[in-house]
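Here is how the chains run, residue by residue.
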There are 2 protein chains.
Amino acid sequence: MLQFMPPNIDIPIVRDVLEESHKRALENRQLLNKHHIFAVNLMSSPGSGKTTLLEKTIPLIHAQNLRCAIIEGDIATTLDSQRLKPLGAPVVQANTQPFGGDCHIGAHLVQAALKFLNLEKVDILFIENVGNLVCPAEFYLGEDLRIVMLSVVEGEDKPLKYPLMFRECNACILTKMDLLPFSGTDIANLRRNLLNINGKLATLELSARTEDGLENWIDWLLQQRTASL
Amino acid sequence: MLQFMPPNIDIPIVRDVLEESHKRALENRQLLNKHHIFAVNLMSSPGSGKTTLLEKTIPLIHAQNLRCAIIEGDIATTLDSQRLKPLGAPVVQANTQPFGGDCHIGAHLVQAALKFLNLEKVDILFIENVGNLVCPAEFYLGEDLRIVMLSVVEGEDKPLKYPLMFRECNACILTKMDLLPFSGTDIANLRRNLLNINGKLATLELSARTEDGLENWIDWLLQQRTASL
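Presented here is a report on the structure given in the accompanying data block. (Residues numbered from 1 in each chain as written. Chains lettered and ligands numbered in written order. Predicted model: local features only at pLDDT ≥ 70, side-chain atom pairs only at ≥ 80, totals over all residues. Heavy atoms only, no water.)

Time to look at the sheet that holds strand 7 (residues 202-205) of chain A. All names here are of chain A. Strand order in the open sheet formed by 7 strands is 3-2-4-1-5-6-7, with parallel pairing between adjacent strands. Single-partner strands in this sheet number two, and they are strand 3 (91-95) and strand 7. In this sheet, neighbouring strand axes are inclined to one another by 20° on average, regardless of whether the strands run parallel or antiparallel. Here strand 2 (residues 68-74) pairs with strand 3 via 5 bridges, running parallel. Across the sheet, the residue bridging to I71 is V92, located in strand 3. This element, helix 8 (residues 187-197), spans strand 5 (145-151), strand 6 (171-175) and strand 7 of the sheet and lies at about 165° to strand 6. (Pairing = 2+ DSSP bridges. Helix = DSSP H or I, 4+ residues; strand = E, 2+ residues; numbered from the N terminus. Axes fitted to C-alpha atoms, helices over the stretch in contact; angles between N-to-C directions. Contact = heavy atoms within 4.5 Å.)

Here it is, written out as structure tokens:
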């Protein structure tokens, strides 16, 4: 994303930006470590169901006596925060529009958002990134887990066409599995493409609407948290 | 996108990049004008059906004795070009990966791609942008028409959450209308949101799979071309 620079532009400036971003991400990491917070960065195209998955996930984690918080990244609006607020977990809206409509959450925004949370009372932090299958992959925020969500309706070729995102993530959640029969997507081919791009990628499949696969996702997530403690 | 700059970075450098980009776009515009080519920039999230729409559109335009060409923008792979090649229109693949995996097509890439086409033999040029609902909106390429495609499965809130794209386009094509009954999307609300963001936005609705709405799209497109001559 930042590489859109004609040859006459000084490359060190791009490096400065990335270094500054990484420095802030490491500060976030330290702060999260200090409070034993497990942080999950959720990334995907617009409309793959990030907010819907959180709506279903938060109550199930609360039921395990673990406390959640959410940093909700959007370019504009507080629509997603409004959807998540009733779940009882603290939500901080991080809008990128005042910063020019950034296409991803930056580590500086997460740093600012963390100040609004009582970190003593958070076990799992979800960061819902801006809907974009490209740019967010480039920015480490200080998270433990990077998850890409892909709606099966988007088609089986996406891991090949947007490889960085799938290489940079620990897991891929295939969403809207209830729409698979209508989607024209070859799921076997999609699974193959995911593993061809990243052989270490954990793959989960679910439908937040029908709740098929939801329990499996929660189990997996909590295992990841336990392993990190 | 380019606005991700900490405050200590010199703003004029960002301006240089945008000015350089705009200069190249105007050069593209001049070249296209000289050859009476009508250029359409197709933008959307990944998986909204840009390539599928082109597969259905090109033969119908050829049937009107108009000659098409395609600049196919992807980060990686030639998958889409391979799908489009059999249609008989010249296709130039513009991969952004050698340039760091850019999240959009830049005017410089279009400029380079145009050199591979025999412009004397092109009436309508389609530029299929990288799948991204954010960044491509910021870059003028020299096109006549900017179209955003939105799969109805992505949900009715997208125009509000990604406003720049919908403000910067002349038209929105709602795709995958055959999936509407399964999508949970409130189409009336989606139509309202589109007009609230951009009252001048032309809206078309179609399913490339069932071909419902396809004829209407072709008629509209050819009217736009005629009006521009």
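Picking up where we left off.
Moving on, we come to the sheet that holds strand 5 (residues 145-151) of chain B. Residues and elements named next belong to chain B. Taken together, the 7 strands give an open sheet; going across it, the order is 3-2-4-1-5-6-7, and neighbouring strands pair in parallel fashion. Each having just a single partner strand, strand 3 (91-95) and strand 7 (202-205) make up the two edges of the open sheet. Taking each pair of neighbouring strands and ignoring which way they run, the sheet shows an average axis angle of 20°. Each of strand 1 (38-44), strand 2 (68-74), strand 4 (124-128), strand 5 and strand 6 (171-175) is contacted by helix 2 (residues 50-62), which is oriented at about 175° to strand 4, the strand it contacts most.

As a further point, take helix 9 (residues 214-228) of chain A. Each α-helix winds once per 3.6 residues, and so residues spaced three or four apart point in a common direction. All names here are of chain A. With 15 residues, helix 9 extends 21 Å from end C-alpha to end C-alpha; this agrees with the ideal 21 Å at 1.5 Å per step. For helix 9, the set of buried residues is L214, W217, I218, W220, L221, L222 and R225. Structurally, helix 9 contributes buried residues whose contacts are with strand 1 (38-44), helix 2 (50-62), strand 4 (124-128), strand 5, strand 6 and strand 7. (Expected span 1.5 Å × (residues − 1). Buried < 20%, exposed > 50% of the residue type's maximum accessible area, 1.4 Å probe, protein only.)

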